[in-house]
Amino acid sequence: MNKPLLIKDGRIIDPSQKTDEVGSLLVTEGKISWRGKGEPPKGDYDILDAGGLIVCPGLIDLHTHLRDPGYEEKETIASGSRAAARGGFTTICCMPNTNPPLDSQTAIEYIKSTAAAKAVVRVLPIGCISKGRNGKELAEMGELAAAGVIAFSDDGEPALNSYIMRQALDYSRAFELPITDHCEDTILTEGGQMNEGVLSAKLGLRGIPNAAEDIIVARDLALAELTGGWLHIAHTTTEGAVELIRRAKEKGINVTAEVTPHHLTLTEERVIGYDTNAKVNPPLRTERDIKALIQGLNDNIIDIIATDHAPHTEGDKLCEFALAPFGISGLETALGSLMRLVHNQKLSLPTLIAKLTSEPSKILGNRHGQLGTLAIGAEADVTIFDPDLEWVVDTKDFASKGKNTPLDGEKLKGKVIATIYQGKTAYKDAAAK
Amino acid sequence: MPKKIIMTQEDIKRTQARIAHEIIERNKVVENLILVGIHTRGVPLAHRLAANIEEFAGVKIPVGTLDISLYRDDLSSLELQPTVKNTDIPVSVDGKSIILVDDVLYTGRSIRAAMDALTDMGRPHLIQLAVLIDRGHREIPIRADYVGKNMPSSRHEDIQVKLQESDGVDEVAITSTPTAEEG
Amino acid sequence: MTTEQIKTVAPKPAPVWQHRHILDVDDFSREEIELVFNTTQAMKEVLSRPIKRVPALRGKTLITLFYEASTRTRLSFELAAKNLGADAANLSATASSVTKGESLIDTVSTLEALGADIVVMRHPHSGAPDIATHYVKASIINAGDGWHAHPTQALLDLYTIQEHKSTLKGLKAVIIGDILHSRVARSNIWGLTTMGADVTLCGPPTLLPDEMGKQNHHLPPTNIEHNIERALDGADVVMTLRLQLERQQSGLLPSIREYVQLYQLTEARLKLAKPDALVLHPGPVNEEIEIAPAIVHGPQSVINEQVANGVAVRMALLYILAGSQKQ
């Protein structure tokens, strides 16, 4: 049994309880046992000095690619979990586009047992919408739900067949789990490499227009309205999608949505020079889209932030732009890059933290413990970070096998100092006192 | 830096005339001559010699210009701006007596490049060389047939030829350049 | 000479030529383009001699790496290199080696190890030469990458035009065809606008992205006109692009027949341009499709001059590039 841990004198921001005050937190036997401003109850405990730092619930990422099983050269459950810890995430949800895909109980058991043995943070599985991710037949959602998936998705691909998508939204109602769709009309975007616009015209790269996302978002919302099912929109990136989701929520349609840190902070201009590390799907878009996404976060049209961490090997990305796979390795730079929005006063710190803790926790429900909160008795998942510490991103320090980020060498302001998972220190930065 | 004028406008005029006479004297068949000036200052000198020869012998000799940039043995000589100037020789060089004209003969490399260019253009009967100044320090076995003035110099000295057509004034000056040890 | 006197010697002015590689014309200054023109003129003189050869690039090795079949451009570069006394060799990678996993980076590094001073690359994917520049010390000349750029073609087009028109400033230039997929169009847009010409793009909307005509900070200003008659009105220069016959299969055009009806440069349409308008085509020409044969062989066509100038322009570029490598 671990010694209790006292996290001392930090600025505790816990949106689930609307707390934002300096205080200390005591963690005993994997749960939050005490919280307050004065002297903690007597006892023998380790102390983590959080003076000048932010203390918040462990961050939750509902959209990560761990590549395991099948693509272990890009990432494994173990390395991905270490990357998560470095990024301040204590819960990550892995997408099922593995090989074999996560469309059966056996596959889910593999994830759970490997995570239990090797992961340093909580790993929750997402199951496929369709068998083998083939888009033709529904997967056995009941079995997957019983095995513990937190959602269903064929991510990487859209559920392009409207009939199947309708059935999925309908059938999943029995399990009260969302269908997470990667909204892209892949017939329209075939061969697309980057956002469609003047820049793609200049660079001579086929574009992926905003319309391709908006079309499927609109379709999915109509199907959600028709069935009453729970639609979760993965990685929203367009002004148009935000508007569609806004109107859908006004109508009471059961929809939640996520946005990634890179779509909130980087534009298509990162592709200039043909940097394959900026090649991602959906693509980096424009200032106008970013403005709409931030407004969407602030208006609660977009519920959560999720990284869509997509690691690839260096060799995979070291080639002609058109041949490089899509994806950004984002777990370890998420908080640092998002803090830019806080520092530029586009997003408040409590809102940012909510989008990464209490809001994702609402989507998870309580099936996996009391997460995303520092209430007494909740899981002792705590993230401690320094909002003002400047640091330079160096992919050589990444725990993730994926070094594919356009942020290598970039200076960020805001760094994770320690990540506590179930009362144990999963990550401690060199800058920790 | 002290500058010493070693040839004035009058000196240059007299020297040109003397060279023109020497050319006429040495070449029995003046009608077979072409004067080819090497860019930059060899060109006006060639035109002046042609004018002199017309004045003294009554024959109009064709004048051509030659740019040797494409024949240099060192690309780094391109320095800042690798501009190649006109090479324009109005008649065929085959069987002709060519008199190459340049302002200063130094290492001899420019003349070697000029001869390569001429032989690529055809088969001259003979090639002679006329220079205003011979300052010594040959690095290859080249010698001038007609020399305006012999000016033995050290490598630390810089000989500058200025001509009316390109520099607005006629003069030849010598200056000392700083050595590596100084300053 | 004292220390003070040495320090007052004037600094050398910055060189006009600023490129270690020739990837696109988008960052060429007017002065650089004029340097290319002047040097090309000297090279044309060399090409008029019985011995079309000078030893300027003796000892240099040029290797062409063509991932797309193209005998004409490749030959043009090889001849240019040989005329300058350089050694030229060719590595024919095919489009299939692109997908077979023979990494581009590995191939270019191999060429450098084999002694290439200059690598001339043609590749089906935009940006391929850009990526190569990060991994080799040799100079890279882009002989066409995907849809993106074909700088040497644009430079020879510009040279050809200015030989006839003496200046490009204020000329009305019209580019007709599949602009969307054309690296020749893109590079010419940059070259023509830098030299002060007014550019109009003409083609079917599916092959002409509207964004190119809108005010933006990625592309120079051009006019967009979908009607060929209006586009040709008063033009000084007409550039027709080759239509890839696959465009009809990919749904961008209803038929080649309709393209011909709407966009072929016919003699009647050419009359709408100025009487001394020049007609250019990057080749190879699809006679009867984008252009009427009578025009190809007619008095206004400078298509053959483009080819001849191509060798001279490439000689000039190799000369300038090799000279700047020493620095």
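Source: prediction; values computed, not measured.

Novice: Got a minute to help me understand the overall build of chain A in this structure?
Specialist: The helix and strand inventory of chain A stands at 13 helices and 18 strands. By the compact-globule yardstick of 22 Å for 433 residues, chain A fits well, its C-alpha radius of gyration being 21 Å. Counting only C-alpha atoms and orienting by the principal axes, one finds that chain A spans roughly 65 × 50 × 45 Å. When burial is assessed residue by residue, chain A has 63% of its 433 residues classed as buried. Within chain A, counting contacts between residues at least 6 apart in sequence, those at least 24 apart form 74% of the total. Surface exposure of chain A reaches about 15,500 Å², of which carbon and sulfur atoms provide 48%. Put simply, chain A has 47 plus and 60 minus side-chain charges, and the middle of one group is 3 Å from the middle of the other.

Novice: Is there a simple way to explain the overall build of chain C in this structure?
Specialist: A tally of regular secondary structure across chain C gives 14 helices and 9 strands. Against the globule reference of 20 Å for 327 residues, chain C gives a C-alpha radius of gyration of 21 Å, in line with a compact fold. When the backbone C-alpha atoms are referred to their principal axes, chain C occupies close to 75 × 50 × 45 Å. Once local pairs closer than 6 in sequence are excluded, the contacts in chain C between residues at least 24 apart make up 74%. Carbon and sulfur atoms make up 53% of the accessible area of chain C, which totals about 13,400 Å². Distance between charge centres in chain C, computed from 31 positive and 35 negative side chains, equals 5 Å.

Novice: Hey, could you run me through the interface of chain A and chain C in this one?
Specialist: The accessible area lost on association of the parts is a frequent measure of interface size. Facing 18 residues of chain A, the contacting portion of chain C comprises 23 residues. Around 1,900 Å² of area is buried between chain A and chain C when both sides are counted, 65% of it from carbon and sulfur atoms. It is Lys202(A), Tyr274(A) and Glu320(A) in chain A that bury the most area against chain C; as a group they hold 34% of the surface buried on that side. With its nearest N and O atoms 2.9 Å apart, the salt bridge here joins Lys202(A) to Asp26(C). Grouping the constituent residues of the side of chain A that touches chain C by class yields 12 nonpolar, 2 polar and 4 charged.

Novice: What's the story with the environment of Val184(C) in this structure? I'm lost.
Specialist: Residues and elements named next belong to chain C. As for its placement among the helices and strands, Val-184 is situated in helix H8 (residues 183-194). Put simply, Val-184 and Pro-15 are 169 residues apart on the chain and 28 Å apart in space, counted from C-alpha to C-alpha. Ignoring any residue separated from it by four or fewer positions in sequence, one finds Val-184 in contact with His-150, Gln-153, Asp-157, Leu-241 and Pro-282.

Novice: In this structure, what is going on with the side chain of Asp429(A)? I would like to understand it.
Specialist: Residue and element names in this part refer to chain A. As for its position among the elements, Asp-429 is in the segment after strand E18 (424-428). At 2.7 Å, the side chain of Asp-429 and the side chain of Tyr-427 are in polar contact. A polar contact of 2.8 Å, which involves the side chain of Asp-429, links it to the backbone nitrogen of Ala-431. Excluding residues that lie within four positions of it along the chain, Asp-429 makes contacts with Lys-415, Val-416 and Ile-417.

Novice: Would you explain the sheet that holds strand E14 (residues 255-259) of chain A in this entry?
Specialist: Two modes of strand pairing occur in sheets, parallel and antiparallel, and in both the strands are linked by backbone hydrogen bonds. All names here are of chain A. On the basis of which strands lie adjacent, the open sheet formed by 5 strands has the order E9-E10-E13-E14-E15 and parallel pairing. Taken across any chain shown, the strands that pair with only one partner, and hence form the sheet edges, are strand E9 (152-153) and strand E15 (304-305). Here 3 bridges tie strand E10 (residues 179-181) to strand E13 (residues 231-233), and the two strands are oriented parallel to one another. Note on E13: the bridge partner recorded for Ile-179 is Leu-231.

Novice: I tried to follow the arrangement of the chains on my own but got confused; where do I start?
Specialist: By number of contacts, the leading pair among the 2 pairs of chains in contact is chains B and C. For chain A and chain B, which are not in contact, the least C-alpha distance works out to 28 Å.

Novice: I tried to follow the sheet that holds strand E5 (residues 126-134) of chain B on my own but got confused; where do I start?
Specialist: Residue and element names in this part refer to chain B. Pairing within the open sheet is parallel, and its 5 strands lie in the order E3-E2-E4-E5-E6. One side of each edge strand has no neighbouring strand; the edge strands of this open sheet are strand E3 (63-66) and strand E6 (146-150). Here the average twist between neighbouring strands, direction ignored, is 25°. Looking at chain direction, strand E2 (residues 33-38) and E3 are connected through 4 bridges and run parallel. Counted as the bridge partner of Val-36 is Gly-64 from E3. In this fold helix H1 (residues 9-26) packs onto E2, strand E4 (97-105), E5 and E6, with an angle of close to 150° to the strand it touches most, E6. Strands in contact with helix H2 (residues 42-57) are E2, E3, E4 and E5; relative to E2, the strand with the most contacts, it is inclined by about 155°.

Novice: Help me understand the pattern of salt bridges, please; the structure alone is not making it clear to me.
Specialist: Close approach of charged atoms lets side chains of opposite charge pair. Residue and element names in this part refer to chain A. Considering all chains together, one arrives at 50 salt bridges over all chains under this definition. Residues Glu-239 and Arg-288 are paired through a salt bridge, measuring 3.0 Å at the closest nitrogen-oxygen approach. Of the two residues, Glu-239 is situated in helix H7 (residues 239-250) and Arg-288 in helix H9 (residues 287-298); the sequence distance between them amounts to 49 residues. Looking at Arg-288, the relative accessible area reads 59%, which means it is exposed. Between Glu-390 and Lys-411 there is a salt bridge, with its nearest N and O atoms 3.7 Å apart. Separated by 21 residues along the polypeptide, Glu-390 in strand E16 (residues 382-392) and Lys-411 in strand E17 (residues 411-421) bring together distant segments of the chain.

Novice: Where do I start with the state of the cysteines in this structure?
Specialist: Working definition: the covalent bond between the sulfur atoms of two cysteines is a disulfide. Summed over all chains, the structure comprises 0 disulfides over all chains. The structure places no disulfide on Cys93(A), whose sulfur is separated from the nearest cysteine sulfur, that of Cys94(A), by 7.7 Å.

Novice: Looking at this model, I keep getting lost on the confidence of the model for chain C. Mind explaining?
Specialist: Detailed reading of predicted coordinates is not advised where the pLDDT is low. All names here are of chain C. Residue-level pLDDT values for chain C average 90, and 93% of them are 70 or greater. Contacts from residues 1-7, a stretch scored under 50 in pLDDT, to residues over four places away or in other chains number 10 contacts. Here the complex is predicted with pTM 0.88, and the ipTM for its interfaces comes to 0.86.

Novice: Got a minute to help me understand the environment of Tyr110(A) in this structure?
Specialist: All names here are of chain A. Examined against the element boundaries, Tyr-110 turns out to sit in helix H2 (residues 105-118). Placed 83 residues apart in sequence, Tyr-110 and Gln-193 show a C-alpha to C-alpha distance of 34 Å. When sequence neighbours within four positions are dropped, the list of residues in contact with Tyr-110 reads Asp-68, Pro-69 and Ile-77.

Novice: Is there a simple way to think about helix H5 (residues 104-113) of chain C in this case?
Specialist: One turn of an α-helix holds 3.6 residues; hence residues three or four places apart share an orientation. All names here are of chain C. Within the span of H5, buried status applies to Leu-104, Ile-105, Thr-107, Val-108 and Leu-111. Across the axial projection of H5, the buried residues extend over an arc of 165°, all falling on one side. Seen from the buried face of H5, the exposed residues on the opposite side, beyond 90 degrees, are Asp-106 and Ala-113. Structurally, H5 contributes buried residues whose contacts are with strand E1 (61-66), strand E2 (87-92), strand E3 (118-123), helix H6 (128-133) and strand E4 (139-145). Directly beyond the C-terminal end of H5, a positive phi value near 105° is found at Gly-115.

Criteria and cut-off values
- Residues numbered from 1 in each chain as written.
- Chains lettered and ligands numbered in written order.
- Predicted model: local features only at pLDDT ≥ 70, side-chain atom pairs only at ≥ 80, totals over all residues.
- Heavy atoms only, no water.
- Helix = DSSP H or I, 4+ residues; strand = E, 2+ residues; numbered from the N terminus.
- Rg over C-alpha atoms; globule rule 2.2 N^0.38 Å.
- Buried < 20%, exposed > 50% of the residue type's maximum accessible area, 1.4 Å probe, protein only.
- Contact = heavy atoms within 4.5 Å.
- Areas by Shrake-Rupley, 256 points an atom, 1.4 Å probe, with all protein chains shown as cover.
- Lys, Arg positive; Asp, Glu negative; His and termini not counted.
- Charge placed at Lys NZ, Arg CZ, Asp CG, Glu CD.
- Buried area = accessible area lost by both parts, 1.4 Å probe.
- Salt bridge = Lys/Arg side-chain N within 4 Å of Asp/Glu carboxyl O.
- Nonpolar A, V, L, I, M, F, W, Y, C, P; charged D, E, K, R; others polar.
- Polar contact = N/O pair within 3.5 Å; in protein donor to acceptor, adjacent residues only side chain to side chain.
- Pairing = 2+ DSSP bridges.
- Axes fitted to C-alpha atoms, helices over the stretch in contact; angles between N-to-C directions.
- Disulfide = S-S within 2.5 Å.
- pLDDT = per-residue confidence, 0-100.
- Arc of directions from axis to C-beta.

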